[in-house]
Structure formats: structure tokens, C-alpha cells
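Observations on the three-dimensional arrangement
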Amino acid sequence: MVVFVRGDLWRWCTVAGLSATVGYYLLPTDTSLSGFGYNTIGLLAGLAILVAVRWHRPERPWPWILFGAGIILSVVGDFTWWYLDHIRHEEPYPSVADVFYLASYPPLIGGLFLLQRRRGRDLAGLIDAAMIATGLSLVLWVFVLHPVAAVDAASMLERAVSTAYPSLDALLLAMVARLLIDRRVRNPSTDLLGVAAVLLLAADIAFSVASLYFDYDGRAIDWCWLMAYVLWAAAALHPSMTAPAVDAPANPGRLNRGRLVILGCSSVLAPSMLFIPSIGADTVDRIVIGAGAVLLFVLGVARMAGVMTEVRGQAVALERLANSDDLTGLHNRRHFYRALGAALDGGCPQVVLMGLNRLRAINDELGHLAGDDVIVRIADRVRALAGPDVLVARLSGDEFAVLLPGAGEAEADAVAGRLADAVHDPINTKGYEVLVGAGVGVAGGADATDPAEVLRRAGVAMFAAKQSGEPYRRWSAVLDERSVEEARLGAQIRHALAERQFQVVYQPIVAMPEQRVAAVEALVRWHHPRLGTVSPVQFIPVAERNGLIVELGAWILQTACEQLVRWTAELGPGAPDRVSVNVSARQLARPGFAGTVADVLARTGLPAYRLTVEVTETAVFDGGPAVTALHELRALGVRIALDDFGTGHSSLGLLQAVPVDILKIDKSFVDRITEAGRHAVIAEAMIQVSRGLGLDAVAEGVETAEQAQALTRLGYRLLQGYHFGRPEAEPEFTRVPAARGLVSTSVVSHAAADPGGRP
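What counts and how
- Residues numbered from 1 in each chain as written.
- Predicted model: local features only at pLDDT ≥ 70, side-chain atom pairs only at ≥ 80, totals over all residues.
- Heavy atoms only, no water.
- Helix = DSSP H or I, 4+ residues; strand = E, 2+ residues; numbered from the N terminus.
- Buried < 20%, exposed > 50% of the residue type's maximum accessible area, 1.4 Å probe, protein only.
- Areas by Shrake-Rupley, 256 points an atom, 1.4 Å probe, with all protein chains shown as cover.
- Contact = heavy atoms within 4.5 Å.
- Pairing = 2+ DSSP bridges.
- Phe/Tyr/Trp six-rings, centres within 6.5 Å; stacked < 30°, edge-to-face > 60°.
- Lys NZ or Arg CZ within 6 Å of the ring centre and 35° of its normal.
- Axes fitted to C-alpha atoms, helices over the stretch in contact; angles between N-to-C directions.
- Parallel < 35°, antiparallel > 145°, perpendicular 65-115°, else oblique.
- Left-handed = near helix turned anticlockwise from the far one by under 90°.
- Nonpolar A, V, L, I, M, F, W, Y, C, P; charged D, E, K, R; others polar.
- Patch = residues over 30% accessible without salt bridge, like charges linked within 9 Å, V, L, I, M, F, W, Y side chains within 5 Å.
- Salt bridge = Lys/Arg side-chain N within 4 Å of Asp/Glu carboxyl O.
- Lys, Arg positive; Asp, Glu negative; His and termini not counted.
- Charge placed at Lys NZ, Arg CZ, Asp CG, Glu CD.
- Core = buried A, V, L, I, M, F, W, Y, C linked by side-chain atoms within 4.5 Å.
- Arc of directions from axis to C-beta.
- Polar contact = N/O pair within 3.5 Å; in protein donor to acceptor, adjacent residues only side chain to side chain.

Some details on the overall build of the chain
Looking only at helices and strands, one finds 26 helices and 17 strands in the chain. Among the 759 residues that make up the chain, the fraction classed as buried is 49%. With an accessible surface of roughly 35,100 Å², the chain has 61% of that area assigned to carbon and sulfur atoms.

As C-alpha cells, then:
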């Protein structure tokens, strides 16, 4: 209830003041009662302003205190005049009342000035207010000030006082004009102030004109003064009077249609008044109007100069926005293209292109604010390490480019090396240390006339660096040949899928020491009608990059599950228990991958526990959707195998984040297992880790009986490699003693080579 009363008090004040004004006109004219009512309304308004200051406690109280003081001084003048008129029956002019009336203007004018002076610098607004005040002041001079000063019967004091009122009104007019055209921080309180000041100004001018030309003596204009008092109090009581001062916006003095009309009318007031016959014949009026016209012209020129300065500033700002990156402040692609084109016209520039690796994962895991912070920090590093006299740009979300106009290959390679080293240092953002990594490509402008060609070459080199793991790569024609070959191979993969040129083969995973096939791993082979058998090392990476691995992987998964169901029906207990399928990062990141696997299991009738999905450490290192997909697969009952364990990033750390059932020990740890030394120690440590975590361990790449015996002695119970069988479409399971074991089917997606030298 208190909040309601405070919020609406200004309304009740306005209604009460309007009612009191109407009541004032119902009282008899020229009576003590009507005079007392008039003075009471003004006094209550002045006191209400001071109470509102105490109540609202605005950030800047002095303007409002001055308003209250000005209103009270005016009311004191009213009481003084009432005393002289009704008690002493005198009507002197000037009188003591005029002292208080005139004294009320400076506080009102000063309050309006203080209210606006801290709202930021707005030179255009000041010029506009000056033009409006000058134009209207000319009208005041012609119709009020000059006629009053020219009255012969008036004494010097009378003329001075009569001239002071419209002169102070002119100052008040300037402040009101400034307030009304100020587009900054408009609120209901300032609007009420503006209306109150306009009413006060209108009442003063109307009284001066009526007294001068019509011998006015009545109360027809009194309502303007009374409502000015009321609205001044309502402005102080309004809650918005506490609104804090803010800086000026970027363009507070923008010329809109309404402001143009007002300024245009003010500008033509001076020459228009010269067409009035009585004015045109008066020498003093002509001189004043001429001076006013000159002043308006100067103000207009200043305003146009301001507009031109503003337009130039906006043009510079637009140029900067069009050629820079909002987030980092670096140059953008548009500016880089132009600069590179100019550099190509004058020589052979070098371009270093860097593409970040893990930005999407950072956005997914830590949020886009953290991702933006990483980009800004990388931009700062690139700017600092690129060196002087170079142009650094952000070409896209995760790509940065450096233009070295007059550098040689050695200098450009040095810059590329520094950038590659710096990006691999951890970045602290939002309380986390993140590793980004990047591929860096370098290309020169030799034999190139188009900026796009130079950037294309740098991009080819950058992707080659990412694929090979090199810190950076310089473009050469060989890379283009590889790109063309890769594009050709990608088209052939699409054709091979349609023509069913791919074949799924299976390599046994043997349980020791009984030497029983516990599982098989599904691998893919491509039998090209012209090229013969194409190695997975050639086509799997291409399929991963162009996205065909998703379609190929889905086909392998379907085929492997169908095959295990068929073997189970034909061989019964002699069939492998599980089949394992390799899944790439692209498949895991695809929305709904777990649902795709569930659909395959439902169509083929294979129980989920008989399927194992193999993933590499690299595929899940970035976390995000890939790890989520593995959790969803685990919820279905599918087993998860971590392939090539020990060769990727932070292998032991992944075991805490990734739901793993099986560790597949990489072939590199098996090759020298028969030799005493570090490899045997590492292999033994891995089997101990797997046992401690309750995981199965599969040793890959077993090629000799000695390796199998050594691994068995260390405690390995699941082995895979050429020693037990090469990948075949129909392995001879019947030659192995029938027994239940572990079978895993993997959807090939990461695929480079088979675990035991598998081609």
C-alpha cells in the first residue's frame, strides 16, 4: 500500500491542484478569500517540492531545492502584493512584491541549468536551444521589450522592472527550449517540469502583452501560474525525479523531422518580422532583428558544421566496423582481402593462416562466453607474436591470418612456428585451464594474383598440418595434388557405397590360455574394380573428413550385427559372443547416434550386450556430445572399448570421464614385449590398471607365439593379432574349441590400420 501511495502521489497532487484552481475561480473576485486561496496553492506547491526532496532523496537535490525556493519566493511576492492591495489598499508599481517576483527567476533558471549540465556534452543540443531562444526572443523584443522600454510616461525604474520580466523570461525560455529538445534521459518528471515552465513562461508573456496593449486587470491568466505551481510540485513528487544522471548517447543531437521544423521556423522568424509594416519602419527594431538574423545565421552554420563533423565521424566509425572484428578488435576478412590484394600488386607477400582445433568443444562444455574469452586471448597472443609491421585478422570463428607484406619464407616460417607454439600453451578461462591446439599453414604470393588463391593455398597447408600433427606446414603444389586426389577418392567412396564395393571382414579376439575365440572385430575392405583392394589407411581418413564415414559406419554396424546373428543361428555355442565396431568422432557427435544403434539392434535382433563399440582416445578427448553418446550407449547395454589405449591424450584421465568396459592396448606396447625393459613394465602396469578398475584388457597386434606367451604370463586373457588369424569374411571358428567368450563388433570409423598389422 505504501508503494502505491508513493507512486501515485503526483497524480493526486495534480488532481487536487486542478480542483483547487477551479475552486479559485468560483470564489468572488478581488476578495481576501480569493487572494488567500491563490497564495495557499502556490505555498503548498513550493513546500511539496522541498518535502519531495527529503522524501525521494535524489542523487542531485540542488536543482529541486532551487525550484522550491523559486516557487516560494514567487508566493512571497503574491502575499506581499495581496497585503499591499487588500490591507493597505495600494497598487504601487514597481513595489516590494516585484523584488520577490524577480528574485524567483534565478533559482528557477539555475535549477533547470543544473538539471541538464551533468547529462553529458551535447553541443548540437545547445546550438538548437540557442536558435529557438534567439528566434522567440526576437518576438519578445518586438512585441514586449521594445514597446515597454519606449513608453514615455513610465519612469526609468518602471521601465527597468517592466523590461526585466520579459528579459528573465527570455533566459527561462532558453532553459525550457534546452529541456524540451533534450532527447537524453527523458522521463515523466522532466516532462512535467517542461510543461510547468512553459505555462509559467506563457503566463508572464501573456500578462506583459495584455498589460501593455489592453490595460489588463483581472485573473483570466491566473490559472497558468497556478497550474505551473501544481505541475512543478507534481514533477518533484513523481518517482522518476530520482533517475540518475547518465552520459549522453552517441548521437543525442540527431536531426529528426520535428527538430528540423522547429529550427526552420526559428530561423525564418527574423526575416519574416521585417514584412510587418510597423516593425520595418522602426530603426531600433530593424537593428535588433538584423543582429538576431546574423546570430541565427552563425548558429545555423555552426549547426551544419556539427552535422558534417558528425557525418564524418559516423563514416569513420562505419569504416572501422566494416573492417574490424567486434570481438577481438582485429581486422576482419574484408579488410584482409583488400590488404592482401594491395600487397600482391606490389610484391610477393607471405600469409600465415591458423585454425583452432577445440573451440566448438569449449563452447559446448564451458559456454560461449568462455569460448569468446579464449578467442580474445588467442587474438592477443597472435597480435603480440606476429611482430611489428604486419596485419593480423580474424577471418572466421576459429581462423586467424597474418599478412607479412615484405617478408621472405624464412621469416614467415618463423612467425608460423611462434604461433603454433603459443597456441599449444594452456589458456585460463572462467577458472578452467583449457588446451586449444591449432593447425598453421603458410603460403606465399608467388605466381598468384588473386587474394583468394593465396588464402586457399594457406588453408590447404593448414589442413595438412592438422592431419599430420606438424606445428605448421608450408604450401606446395604436392598438397594441391593430394587435395585433388582426395576429392576424387571421396567421389569414388560415394560410388562404392552405392555399388556395394565394400566388404566387412572379421578378426578374432582370442581368450587365453584356452585359445577360444571370444569376440571378433569388424573391419572394412574396399574392393575397387579398377584399383583393386584399397587400404583403409587411404580411404577411411577421407571418409571422415568429407562426412561419408557416417553412412559407411552405419552400413558396417548393420552388416556386423546381422552377421553375428547369422553365426549364432548356424554355429550355436561355437559362434563368437560379441562383435566390436569402430565408431568415429563424427558419428559420435551426430545427434541421435545412440538411437541409430538401438534401431539396428532392434532390426537385427542382436542383444545389446553382444555389441561393443570401439572409440579412440582422440574421438572422445574433446568431451561434449561424444561422451554423452557413449553414456547413452552404455544405458542401452552396449559395451564400450577404448581403442589404441596409451597413445592418445591423457589416457588415464579419460577413464574418469568416459564409460569404458574394455581397454585395447596399442600394438606399439606389444611389439617389444618379449624384450626386458620399459615396454614390458608398461604392459604389466596397464593390465594392473585394468584389473584395478574392473575392466577387460585386449592386447592388439600379437604376431608371434612368444608375444602371446609373454602377454599371458603378465596376465592378459584377451589377445588379438595376425598370430591368431587375419581379418576374413568367414573366419573358421569351428577350428577353435567351442566355448562361451567375449565377442565385440566395432563399427569402423576411426580406422587407420588393423590392430595386429591389420591392413
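With respect to the environment of alanine 496
Relative to the assigned elements, alanine 496 resides in helix H17 (residues 477-499). Here alanine 496 falls in the buried class, since its relative accessible area comes to 0%. Counting along the chain gives 30 residues from alanine 496 to tryptophan 526, while the straight-line C-alpha distance between them is 8.0 Å. Apart from residues no more than four positions distant in its own chain, alanine 496 is found in contact with Gln501, Phe502 and Trp526.

Describing helix H13 (residues 359-366)
Taken as a whole, H13 has its buried residues at Leu359, Ala361, Ile362 and Asn363. For H13, the secondary structure elements touched by its buried residues are helix H14 (368-386) and strand S5 (432-434). Phi turns positive one or two residues past the end of H13, at glycine 367, with a value near 100°.

Regarding the pairing of strand S1 (residues 350-356)
Of all seven residues that make up S1, seven are buried, and the element is covered over most of its length. Residues Gln350, Val352, Met354 and Leu356 line one face of S1 and the alternating positions Val351, Leu353 and Gly355 line the opposite face, and both faces are buried. Here S1 pairs with strand S3 (residues 399-404) via six bridges, running antiparallel. Paired with valine 351 across the strands is leucine 403, a residue of S3.

Describing the sheet that holds strand S7 (residues 473-474)
With mixed pairing, five strands are arranged side by side in an open sheet as S2-S3-S1-S6-S7. Of all the strands in the sheet, just strand S2 (391-396) and S7 have a single pairing partner and so form its edges.

Details of the packing of aromatic side chains
If you walk through the whole model with that rule in mind, you get eight aromatic pairs. Both rings, one in tyrosine 506 and one in tryptophan 567, keep their centres 4.9 Å apart while their planes meet at 70°; by these two values the pair is edge-to-face. One end of the pair, tyrosine 506, is in strand S8 (residues 502-511); the other, tryptophan 567, is in helix H19 (residues 548-571), with 61 residues separating them in the sequence. Like tryptophan 567, tyrosine 506 is buried. When the ring centre of tyrosine 24 is taken as origin, the NZ or CZ atom of arginine 219, which lies over that ring, is 5.0 Å away. In this structure, arginine 457 packs its charged tip against the face of tryptophan 475, placed 4.4 Å from the ring centre.

Details of the environment of leucine 630
With respect to the element layout, leucine 630 can be found in helix H23 (residues 625-636). The buried category is assigned to leucine 630, whose relative accessible area is 0%. Along the sequence, leucine 630 and proline 659 sit 29 residues apart, while their C-alpha atoms lie 6.7 Å from each other. In this structure, leucine 630 is in contact with Leu588, Val615, Val620, Ile640, Val658 and Pro659, ignoring residues within four places of it in sequence.

Quick notes on the packing of helix H3 (residues 62-87) against helix H8 (residues 222-237)
Where H3 meets H8, the axes come as close as 11 Å, and the angle between the chain directions of the two elements is 155°. Between H3 and H8, the crossing angle belongs to the class labelled roughly antiparallel. In this structure, the crossing between H3 and H8 has a hand that is left-handed. Where H3 abuts H8, its residues Trp64, Phe67, Ile71, Ser74, Val75 and Asp78 lie against Tyr229, Trp232, Ala235 and Ala236. Taken together, the residues of the contact of H3 with H8 sort by class into eight nonpolar, one polar and one charged.

Points about the pairing of strand S12 (residues 611-616)
Counted residue by residue, S12 has six buried out of six residues, so it is predominantly covered. Residues of S12 alternate between two faces, with Leu611, Val613 and Val615 on one and Thr612, Glu614 and Thr616 on the opposite face, all of them buried. Across five bridges, the pairing between S12 and strand S13 (residues 639-645) is parallel. Following the sheet pairing, valine 615 is matched in S13 by leucine 642.

A few points about the side chain of threonine 21
Along the chain, threonine 21 turns up in helix H1 (residues 2-26). Ignoring anything within four residues of it in the chain, the contact list for threonine 21 reads Ile41, Trp223, Leu226 and Met227.

Focus on a negative patch on the surface
Together, Glu570, Glu728, Glu730 and Glu732 make up a negatively charged patch on the protein surface. Residue position: glutamate 730 is located in the loop between strand S16 (718-720) and strand S17 (744-746).

Regarding unusual backbone geometry
Leave glycine aside and you will find that most residues have negative phi; peptide bonds, for their part, are mostly trans. The omega torsion across methionine 512 and proline 513 is 10°, close enough to zero to call that bond cis. Within the fold, proline 513 resides in the loop between S8 and strand S9 (516-528). For arginine 57, which is not glycine, the phi torsion reads 50° and is therefore positive. Along the chain, arginine 57 turns up in the loop between helix H2 (32-56) and H3. For histidine 89, which is not glycine, the phi dihedral falls at a positive 55°. Taking relative accessible area as the criterion, histidine 89 reaches 65% and is therefore assigned exposed.

Looking at the nonpolar core
By size, the foremost hydrophobic cluster in this structure holds 79 residues, and its most contacted members are Phe539, Leu588, Leu611, Val620 and Tyr716. Here the element with the most residues in this core is H19; it accounts for 10 residues. If we skip the residues at most four places from it in the chain, valine 620 touches Leu588, Val615, Ala626, Val627, Leu630, Leu642, Leu654 and Val658. Residues Leu199, Ala228, Ala233 and Ala234 belong to the second largest nonpolar core, which totals 53 residues.

Some remarks on a nonpolar patch on the surface
Taken together, the side chains of Leu43, Leu44, Leu47 and Leu50 define a hydrophobic patch exposed on the protein surface, amounting to about 320 Å² of accessible area. Counting through the fold element by element, leucine 50 comes out in helix H2.

Brief notes about the pattern of salt bridges
Tallied over the entire structure, the rule returns 18 salt bridges. Of the charged contacts, one joins aspartate 696 and arginine 639 as a salt bridge, the two residues approaching to 3.1 Å between their closest N and O atoms. Of this pair, aspartate 696 sits in strand S15 (residues 696-699) while arginine 639 sits in strand S13, and the two are 57 residues apart along the sequence. Look at aspartate 696 and you get partly exposed, because its relative accessible area is 30%. Across the pair lysine 664 and glutamate 700 runs a salt bridge whose closest N-O atoms are separated by 3.6 Å. Residue lysine 664 is located in strand S14 (residues 662-665), and its partner glutamate 700 is located in the loop between S15 and helix H26 (705-714); the two are separated by 36 residues in the primary sequence. Residue classification places lysine 664 among the buried residues on the basis of a relative accessible area of 1%.

Brief notes about helix H18 (residues 536-546)
When we look at burial in H18, the residues that qualify are Pro536, Phe539, Ile540, Val542 and Ala543. Looking straight down H18, one finds its buried side chains confined to an arc of 165°; they lie on one side. Among the structural elements, H17, S8, S9, strand S10 (532-534) and H19 are those in contact with the buried residues of H18. Regarding H18, its N-cap is serine 535, as a side-chain oxygen of that residue lies 3.1 Å from the backbone nitrogen of valine 537 further along. Positive phi appears at glycine 547, one or two residues downstream of H18, with a value of about 90°.

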